[in-house]
Structure formats: C-alpha cells, structure tokens
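A look at the structure
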Amino acid sequence: MFPFLAGLVQRRSWIVLLLWISATALLFLYAPRWDDVTKDDDVRFFPRDYSSVVGQELLERGFPRDASSSQVVFVFERADGPLTPDDLAYVEKHAADFYRWSETVPTLGVKKIDTHRSPVIGPRLVGRAHDGPGQAVLSIASLHGTYLSRRTRIAVDEILEYLDRQPAPPSGLVRAVSGSAVVGHDMNTAANESVENTTTATIILVVAILLIVYRSPLLAMVPLLTIAFSVVFSMKAIASLAAVSTHFAEKFDAPWMSFQVINITRVFVVVVLFGAGTDYCLFLIARYREELNRGRTRKDALREAIEQVGGALVASAGTVIIGLGMLIFSSFAKIRYTGPAIAMSLSIALIAALTLAPLMLSWLGGVIFWPFRPPRRATGEDGEMDGLEESPTSRFWVGVSTLVVKHPLWILAISLAALTPLAVIGAQTTSNYSQLADLAPDRPSVVGASVIRRYFAVGELSPTIAVVEHAKVDFRSPEGREKVAEVTKRLLAVPGVDEVRSLSQPLGQPPIPESEMNLLQKMADRALRVAADGRYVSVKPKEDETPNHITRFDVVFGSDPFSKPSMDALSAVRESLETAAMPGGPIHGAAAIGLAGSTSAVNDLMRVTTGDERRMYVLVTLGVYIILVGLLRRPGTCLYLIFTVVVGYLASLGITELVFSNLHRGPEPWGGLDWTVGFFLFVILVAVGEDYNILLMARVIEEEAKHGVVEGTRRAVAHTGGIISSCGLIMAGTFGSMLTGSLTSLRELGFSLGLGVLLDTFLVRPILVPAFVVVAGKLWNDVGPDRAKAAPAALLDPSANGKARDHQETDAALVPDAVDSCLGEFYED
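Quick word on the packing of helix 2 (residues 13-30) against helix 11 (residues 333-364)
The geometry of helix 2 relative to helix 11 is characterised by a closest axis approach of 11 Å and an angle of 135 degrees between their N-to-C directions. Regarding the angle of helix 2 to helix 11, the classification is oblique. The hand of the helix 2/helix 11 crossing is left-handed. Residues Ser13, Val16, Leu17 and Trp20 of helix 2 pack against Ile348, Ile351, Ala352, Thr355, Leu356, Leu359 and Trp363 of helix 11. Broken down by class, the residue content of the contact of helix 2 with helix 11 amounts to 9 nonpolar, 2 polar and no charged.

Shown next, in the form of structure tokens:
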C-alpha cells in the first residue's frame, strides 16, 4: 500500500492534487454552513424516559400556554430603601412595553410575562433584602426554547439589545437580568468566544514551535498548511455528514441514521488536529531528513520516508481514532457525536499528512530547507550515530536512558511513589455540573444572579416544576385538592426545598383557615382560588386532552438551581413523588410524573454522563488494549502500558483539582472540576498516550532483538526521546491553548490535557515504561515467540530494501523499523 502511495505522490502528484481540489470544491459547493447544522440543546439530547423530557411533555400537554422551557428574569433593585410608587410604575410599564415589543418579534418565542401585578404569583415577586433596607422586584418572561438552544441564544441577544435602547430607570433604581435563558445565552456566547480564542492561540503556538524547531520558514509551512487545510476540510465534511444523515433519517424514519454536530466540537477538532496532525507531519519530515543524511537522493529519501513512516502513522493514529470512536456507544448525544467527529477529522489529517505533505516536499525540492543547505552525509560518515552523539537533546536522552536501565527498580518505585498521592486525589474528585460556576463574574446572568440572591431564594432563577398526571383524579374536586395538599406537605419536608407553590398554597405559604378569615379575606381567597386553578391545574389542556387531570407544583430550592445541592434536593423530590404514587400514597395510580426546568435538565445531564463515563472507561480501555496486543504481541507489557496511562490520568486530574480549587474565587464554595474534564481527559489521554507507547515499544522490540533487554531498552529511549518529547510539547501546547477560552470548563480541560500529555511524555514514556521493561526482562520473559529471533540485518540495511520488504510482509505484527521515523536528525541544525 505505502510503496504504491509513495509512487503516486512522486510520479502522479497532479492526480493527488486534483483529487483533493475536487473533493474540496464539492464540499464548498454543497456543504451547509457550520452554524446552520450545530446544536446545543441538552434537553433534546436526552432519552425520552428521562424526568426532564417527561416533565416538559406533560407541561406542553396540560399547560400549553405556560409550558416555557426557559426564563429571562428582569430584576429591579433599590438598595438604599423600599421601592417607590414611581419605581413600581416604571417596572409595570417596562413589562408592558417589553411584551408588546415581543409580539412584533415572534422568533423570540416569548410566551408570557409575570410581574408583581400578575394573579397568584405576583406578590411572590417582591422581596426585601436579607441584611439591609433594600427592596427588589422581579419580572419573569417565559420563553419557548430550552436554555442552551441556539434559538434561545439569539432571542436573548435581541432582548439585551432591546434593553440597551430603553430609557434609564428612575434615579437609584438598578436593573439587572438573569434567569436560565440568560445563563444558557452566556454559556453559548462564552463557548463561541472560546472557539475563536483557542483557534487563534493554537495557530500562533504551532507556527512558533515549528519555526523554532526547523528555523526554515518553508519547511515549517509544510505541516502548518497541511493541518490548516485538514481543519477546514474536516469542518465542511462533518457539516455535510450531518446534513446528509439527517435527510436520510427523516426520509426512512430512522433516527439512528442521524448524525448531529455540536458547537463545542469545533474546539476539539482544531486543537486535536493541530496537535496530533502536526505530529504526523513531524514524523514524516524527520524520516525524510534522516534518509537524506544517510546519503539518499531526495526522491529516494521521500519514497523511503513514506514507506517506512506510513505504517507507523496508521498504527499510532489508529489508537486515537478507535479510542475516540468508542464514544459512539454513549447515550448522551453530545458525547456520542463529538468523539466520532474528532476521529473522522483525524483520519482526514492522517491522509493529508501522507499525501499533501509529501507532495509539497517533492515539489519544493532542496529549496524547502532555505536558508540552510539540505541535509547531506559526507563520505565515510555515519549519519545515524553522528546525529545521536552530536545533538544536545539526544545526549540528554542518552543520559536518561542510561540512568533508567542502571537503576530500574529504584526509579520505578520513586516515580510511582510520587504519582500515587496525586492519583489518589484524582480518584476522589467530584464533578461539578453548575452552569453559573462555568461563567466569568462579569457575565450578565452571574451579575443578575448575585442581585437576586440578596432578596430572594436563588432558586427563583429557575424553579423546578413537578408535573403529575392522574387519569382518575380531578384535581379541582375536593378530593383532588386534598391530594395536592398532601403532596405539597411532603415536598416541603424535603431538605433543600425553600418553597412550594401549588393549588393548595398558590402563594407559597399555607393558607389561612377559612374560619379565621373576615369577609374581605374570604372574597380575596375565592378570587385567588379561581386564578390558582388556571395556573396549577390543566383547565385548558391541548386538544384531545381531558381537562383537570394534570397538576403542577412549583418547587423553589434554596441553592443555585444548577448546583449539586439543588440536584441532591431534586433527587429527594423525585423520590418523594414516587413514594406518594405507591399504594397508600395520595397520588397512587399516577399515570406519569415529570420534573421540568433547568435543574432537572442538569440533573439528567449528570445521570446520562455518569453512565456514559463508566461505559467509556471499559470500552476505550479494552479497545486500546486489544490494538496494543495486536501490534506489539506482548499482553503483559500492554497491560502495564494501560496501567501507566491510567495512573497519569488520575495524577493529572489530582493536580488540576489542587490548582483550580486554590484559584477559585466566587460567592459559592468550590464545587469540583467540571464534568467534562474527567470524561474527555480519560478518553483523549488514553488514546494519545498509547499512540506514543507504540512508537517507543516498537523501537524497544527492534533494539532488544539485536542487543538484549537492557541495552536494547537504553538505545530505544535514547533514539526516540527527542522526537516523542517534541511531539508531546506540541500536543501539550495545543491543548494548553484552551486556557485562552472564556469558559472555566475549557480552561480546566485544557490545563489537565496539557499537563497529562507532559506527564506522559516526560515521565511515563521515558521512565516508567522502560524501567518496567528492564525489570520484567530480568524477572520473566515477556517476549512473544516471533520476537525472540534476532532481526535480520537486511531490515536495517538501506541497501537491502528488497529483502527487508520480504521480511516485513511475512511478519503479521507491527514492523519495528516502520516506526523508525523517531530516529531522524531532528535537531541536527
């Protein structure tokens, strides 16, 4: 395959170029825009039996006018005293003007707006400061779109622009905005900013590293142009796949055929391709330079580089592609589609590195090394040995390898002792699902939330709506009201619940007994009851639905609705409702129970991602292990390689936890690392770590066959240390560019990935792995029978190419010399 590819690139390069140009032209002609196919709506990605999905469906059936999915909360605060009549008049006019404007812009999806004048809920929207003379009032606009959807982000953008055009409030009255819709808007805005910042930082970093490494601008442009093209091509290909799969899924009524694109996927595509894709080009160029140093012509050197490096790149890239591809077995759509999208992009980058990069090397010839002369071996010199002896970096790795093989047990024990405490911390980290914690303090939703906290339960940002359907109970009947009252009492007893508003207590407080009411109070109570019936019972359900058989409970938590305490309280609320639906309970026989709102959506996010995380721990690890055994034929060593990557993963997680917990500043206590950190860190680190493992172990096997375990391991580490460490630095740098993002979760993930790659490159790969190989070689023979034979000299002799290829074809395992791209004169200049 690779000899054919080398011949095609060199003798028919115009065909390669024409194929790439044709494919690119088709994508630009027919591929949809990335923004037109991306989705960010978490709720729509959950399985249909999840509480948030059931709750939203019940709301839409029983309360079609009130079934909002997110809210924009306007908060008006007078910090120095009570609200004045002029303040309240301004707030009322503000709400009326806003609603009239929203009716002229139907794309906003505003369903209604509740104010301090609204029946039932109105009095609850005025609050006094917990520790001062101030007072605040809320106006709550209900939107149709869920809080993370693109539709909601665009709607909130328009709402914020509208607010900027409005006249200033009375002197001393301050207006702020928050609510679940604004939180989702700020999340999506920060994600888009992160995409731009990360892309820019990644490109600048890679250009700088390539110029430092090569010092030849034309040579540095080869990997840069190759990967930049791969990124653009991949984005168009992913968007096209999403559009085509959606078309066929709808045509054949087969949802499983649909492929969706998530907005944040773009960050991973850019970072992973510029990291791993650049590495692929570096291996190819390193081998090309090595062959030139051996005295080959440029044509022969490029052919040999493609033939030898091709197998190594396919093998090493395969571990990353298969590891990320395993994410397709996730339940959560955001994860299920992100992994395969990155894997597809890596495949494109691999093909480009084996075709476009050699094409540029071939066409530019010797001028590509300008302003330096092309590498050349003088007569009588041994380019391979000279490069290893003269390069300062290689001398460093010679010293490291000598030390490791001389004291393997001590080094192994010290290294594991240093990593173990950090790994223990990493194993004990908890995941944080709070959306507010992911945002900067100056975001509108965070500023508004801090104002609301001073006057109301912070749960008012997004109350949870518990919805119950019972086909045999009319909730407006006396019996139904008693059942509602009993359920309300049970919900109020749940720890963490600050208030419950329902048919039995629409204002959130137990009603005054009728016997203690005067005439005016009785009249007001009757009016309130009529209004409460319309709000808390399905008196006007969707068509074909029987009225009065669905009721709702507005549950307000005392903590941030996106926080872990609120999710713990939500779980207790669900258990209380399920207990009430059991025999002997007040709603025994209920047809359906759902929980709508942002807290429920985030709780379901935690539920689905936790299950996916456990599944991926097994599938990714097993998949990568099978690949390693198939390539290296050493089951015991491969098991240890997996172990070292897992230890590095846990240590990286522990260090990240220590760093960010100490850097945390905010009104809420530290709640842990974002849930995406542990998940994606594991998948990417295992895949990338084993990528480098293959490069090292293939060379170990080659040298071991010629020089024995100890000397062979020493030589393997000395030869591969320079190139692997350089590629690791590039990969860590590209992941580190995520630190420029606006989202806390991206900064945490970028830090942990960069740190994990550095640990893997400078501790696990050159120290833990070779130390174990030496110890294992002394204790027992972990070498497969095919590897016990010495490698033929023809395999290493450039003049015996034919015999070498014959040997390669008879060996089913990974040919060690195919990974000899690690050997080039990488630092010779």
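The structure having been displayed, the exposition proceeds.
Concerning the packing of aromatic side chains
Centre-to-centre distance and the angle between the planes together describe a pair of aromatic rings. Counted by the stated rule, this structure contains 17 aromatic pairs. Ring centres of phenylalanine 76 and tyrosine 90 lie 6.1 Å apart, and the angle between their planes is 80 degrees; on these two criteria the pair is classed as edge-to-face. Of this pair, phenylalanine 76 sits in strand 2 (residues 70-78) while tyrosine 90 sits in helix 5 (residues 85-104); the two residues are 14 residues apart in sequence, bridging distant segments of the chain. For tyrosine 90, a relative accessible area of 15% gives the class buried. Ring geometry for tyrosine 649 against phenylalanine 682: centres 5.2 Å apart, planes inclined by 80 degrees, an arrangement best described as edge-to-face. In this pair, tyrosine 649 sits in helix 20 (residues 635-663) while phenylalanine 682 sits in helix 21 (residues 675-707), placing the two residues 33 residues apart along the sequence. This pair shows no difference in class: tyrosine 649 is buried, exactly as phenylalanine 682 is.

Looking at the pairing of strand 3 (residues 110-114)
Here strand 3 lies mainly inside the structure; 5 of its 5 residues are buried. Relative to strand 5 (residues 135-143), strand 3 runs antiparallel, the two sharing 4 bridges. The partner of valine 110 across the bridge, within strand 5, is leucine 143.

Quick notes on the layout of surface pockets
Put simply, the largest pocket is a space of about 800 Å³. Lining the largest pocket are 35 residues, and of these Leu436, Ala437, Asp438, His664 and Arg665 sit closest to its centre. Contributions of two or more residues to the lining of the largest pocket are made by strand 8 (431-432), helix 15 (444-453), helix 18 (564-580), helix 20 and helix 23 (744-779).

Points about the side chain of threonine 609
With respect to the element layout, threonine 609 can be found in helix 19 (residues 598-632). Apart from residues lying up to four places away in sequence, threonine 609 is in contact with Phe332, Ile335, Tyr433, Trp675 and Phe679.

Points about the sheet that holds strand 12 (residues 592-596)
Taken in spatial order, the 4 strands make up an open sheet running 10-11-9-12, and their pairing is antiparallel. Two strands lie at the open edges of the sheet, namely strand 10 (497-501) and strand 12, each paired on one side alone. Averaged over neighbouring strand pairs, the angle between their axes works out to 20 degrees when direction is ignored. Alignment of strand 9 (residues 464-469) against strand 12, held across 5 bridges, turns out to be antiparallel.

The rules behind these values
Residues numbered from 1 in each chain as written. Predicted model: local features only at pLDDT ≥ 70, side-chain atom pairs only at ≥ 80, totals over all residues. Heavy atoms only, no water. Axes fitted to C-alpha atoms, helices over the stretch in contact; angles between N-to-C directions. Helix = DSSP H or I, 4+ residues; strand = E, 2+ residues; numbered from the N terminus. Parallel < 35°, antiparallel > 145°, perpendicular 65-115°, else oblique. Left-handed = near helix turned anticlockwise from the far one by under 90°. Contact = heavy atoms within 4.5 Å. Nonpolar A, V, L, I, M, F, W, Y, C, P; charged D, E, K, R; others polar. Phe/Tyr/Trp six-rings, centres within 6.5 Å; stacked < 30°, edge-to-face > 60°. Buried < 20%, exposed > 50% of the residue type's maximum accessible area, 1.4 Å probe, protein only. Pairing = 2+ DSSP bridges. 1 Å grid on protein atoms, 1.4 Å probe; cavity = no way out; pocket = protein on both sides within 12 Å on 5 of 7 lines; lining within 4 Å. Points joined across faces, edges and corners; volume = space filled by probe spheres on them.

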